[in-house]
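Examining the three-dimensional arrangement
Now for the letters of each chain:
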Amino acid sequence: MYTFDSFKEVIASSNKTDWDKLKQVMTIIQTVQESKDQALYDYSETFDNVKLDTLEVMQTDLESAYHDIEDDLRAALELAYKNIWDYQQSIKISDGEASELYQKVHPLNRVGVYVPGGTAPLVSTVLMTAVLAKVAGVSEIVVTTPPQQNGVNQAILAACHIAKVDRVFQVGGAQAIAALAYGTETVPAVDKIAGPGNQYVALAKKMVYGDVGIDSIAGPSEIVIVADDTTRADFVAYDLLAQAEHDVLARTFLISESKEKIEEIQRKVNELAGEQPRAAIIKTSLRDHHYSVHTVDKAETIDCVNFIAGEHVSIQTKDASSYIDQINTAGALFIGDCSPEAIGDYIAGPSHVLPTGGTARFSSGLTVNDFLRTNSIIALKKESFKNMAPGGMRLALEESLQAHHDSLACRMEENK
Ligand SMILES: NC(=O)c1ccc[n+]([C@@H]2O[C@H](COP(=O)([O-])OP(=O)(O)OC[C@H]3O[C@@H](n4cnc5c(N)ncnc54)[C@H](O)[C@@H]3O)[C@@H](O)[C@H]2O)c1
Ligand SMILES: N[C@H](CO)Cc1c[nH]c[nH+]1
Ligand SMILES: [Zn+2]
């Protein structure tokens, strides 16, 4: 159990880029740039143990998967689709009112979406990404997801059908990100890549950024839970296990002013972890990346949560709502017992694609607006120009940029 001071140093160093992994990822990206499809086939054998005959999944397979999956699964996907669509529609930005100065919004042309599938097929991620792009009005949505021995997971394909994804490729990891960034004979290059993934995917996105857009660094999952002496230990224990089961690198944080509650939750976690199907992943994640912090008061609790800048922050105290205005670095903030993080993972509406590794300090969770770009419109009338130009001319002279000055001055002369 840490104090806030002892915890600060540990966490700051754990957010640093792993340069050795980054070099491995760079090699993968360069190989895909050079050898294109052949590199994708080769890496699928090396990293996914799958010998592929083809990279692209047929559209007819998406439709048959939609009909073949169980009815209750199809209904769950459709409910999630509706909630995601409605929420994203409600937060979509739109054109400013046409005037001399305003902003215009444009959907992106072609986007790539990464759907994780290395250790678990993240069916929900299809909807948490592609539906947002659809609401934005993106012209073409391309999905990549790791290959599996028996073909791509049927529920992933069904979700792609529901979200009206245009093309699906069975490619995973850094090689998928490289293919989306630079294109191969089969996979088209996209304008922006969105979606979460493991450390290889996250590092690859970081590396290709600039040649292509990315949403954020949405790497191995994290949760920060704030508990007090009224908190249900079993609820929190399951919430910690739920993030730990994603990845051996998943990070879990428990913050409380009550030492007894931390100990009670830790006992519950240990009791429940062994019963979970993914116990091996959970135990490794908890052993290497669990942090319990005993804080002295509420102000320190809030400082600690803001310092972590976690992907998910879940407040499970009696005064949970009072944290809403105080937490300003959460990827997403979950308030109270009826808003567990897992409801956000699947069905609430906001996307579960969220920044990790402290990057919520400066970036936000995925929204419909990540699939839009804006440009300003400058359409000045004569009077406005005449009011502004002298100031512009003076600033141009200050910057020693005579042609800028003259560009304004000649129009001033004309409009006297
Ligand atoms: N932050 C978010 O918004 C968010 C959302 C959902 C999931 N996640 C995270 O997504 C991740 C999913 O991870 P996953 O592994 O199950 O699936 P994944 O699809 O992200 O990664 C699997 C791919 O990793 C590559 N890979 C595996 N080992 C490799 C190695 N040694 N060298 C190079 N490449 C290698 C393979 O190509 C494989 O296809 C988890 O970390 C989870 O926590 C994050
Ligand atoms: N918790 C993950 C984001 O870190 C999202 C997810 C998908 N499926 C289950 N969970
Ligand atoms: Zn999850």
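None of these values were measured; they are calculated from a predicted model.

1. Some words on the domain arrangement of the protein chain
- Parsing the protein chain into structural domains produces domain 1 (19-214), domain 2 (220-363) and domain 3 (383-414).
- Computed from C-alpha coordinates alone, the two centres of domain 1 and domain 3 are separated by 47 Å.

2. Thoughts on the layout of surface pockets
- Put simply, the second largest pocket is a space of about 580 Å³.
- Around the second largest pocket, the lining comprises 20 residues; the ones closest to its centre are S14, N15, K16, P220 and G357.
- Among the elements that take part in the lining of the second largest pocket, helix α9 (residues 199-208) stands out by supplying 4 residues, more than any other.
- Broken down by class, the residue content of the lining of the second largest pocket amounts to 6 nonpolar, 9 polar and 5 charged.
- Domain assignment of the residues forming the lining of the second largest pocket places at least three in each of domain 1 (19-214) and domain 2 (220-363).

3. So, the site of ligand 1
- Around ligand 1 there are 30 residues in total, and D48, Y114, T119, S221 and D247 lie nearest to it.
- One nitrogen or oxygen atom from the side chain of N198 is found 2.8 Å from an oxygen atom belonging to ligand 1.
- Take Y200: an N or O atom from its side chain is 3.2 Å from a nitrogen atom of ligand 1.
- Summarising the interface, the protein chains cover 88% of the accessible area of ligand 1, which totals 870 Å² for the free molecule.
- The set of elements that each furnish at least two residues to the shell around ligand 1 consists of α3 (37-48), α8 (173-182) and α9.

4. Here we look at the sheet that holds strand β9 (residues 251-256)
- Strand order in the open sheet made by the 5 strands is β10-β9-β8-β11-β12, with parallel pairing throughout. Taken across any chain shown, the strands that pair with only one partner, and hence form the sheet edges, are β10 (290-294) and β12 (332-335). Neighbour-to-neighbour, the strand axes of the sheet open up by a mean angle of 15 degrees, direction not taken into account.
- Of the pairings in the sheet, the one linking strand β11 (residues 312-316) to β12 comprises 4 bridges and is parallel in character. Bridging from a neighbouring strand, I315 pairs with I335 of β12.
- Seen against the sheet, helix α1 (residues 4-14) touches β9 and β10 and runs at an angle of roughly 155 degrees to β10.
- Helix α10 (residues 233-244) rests against β8 (222-227), β9, β10 and β11 of the sheet, and its axis sits at about 165 degrees to β8.

What counts, and where the lines are drawn
- Residues numbered from 1 in each chain as written.
- Chains lettered and ligands numbered in written order.
- Predicted model: local features only at pLDDT ≥ 70, side-chain atom pairs only at ≥ 80, totals over all residues.
- Heavy atoms only, no water.
- Domains from an automatic or database assignment.
- 1 Å grid on protein atoms, 1.4 Å probe; cavity = no way out; pocket = protein on both sides within 12 Å on 5 of 7 lines; lining within 4 Å.
- Points joined across faces, edges and corners; volume = space filled by probe spheres on them.
- Helix = DSSP H or I, 4+ residues; strand = E, 2+ residues; numbered from the N terminus.
- Nonpolar A, V, L, I, M, F, W, Y, C, P; charged D, E, K, R; others polar.
- Near = heavy atom within 4 Å.
- Polar contact = N/O pair within 3.5 Å; in protein donor to acceptor, adjacent residues only side chain to side chain.
- Areas by Shrake-Rupley, 256 points an atom, 1.4 Å probe, with all protein chains shown as cover.
- Pairing = 2+ DSSP bridges.
- Axes fitted to C-alpha atoms, helices over the stretch in contact; angles between N-to-C directions.
- Contact = heavy atoms within 4.5 Å.

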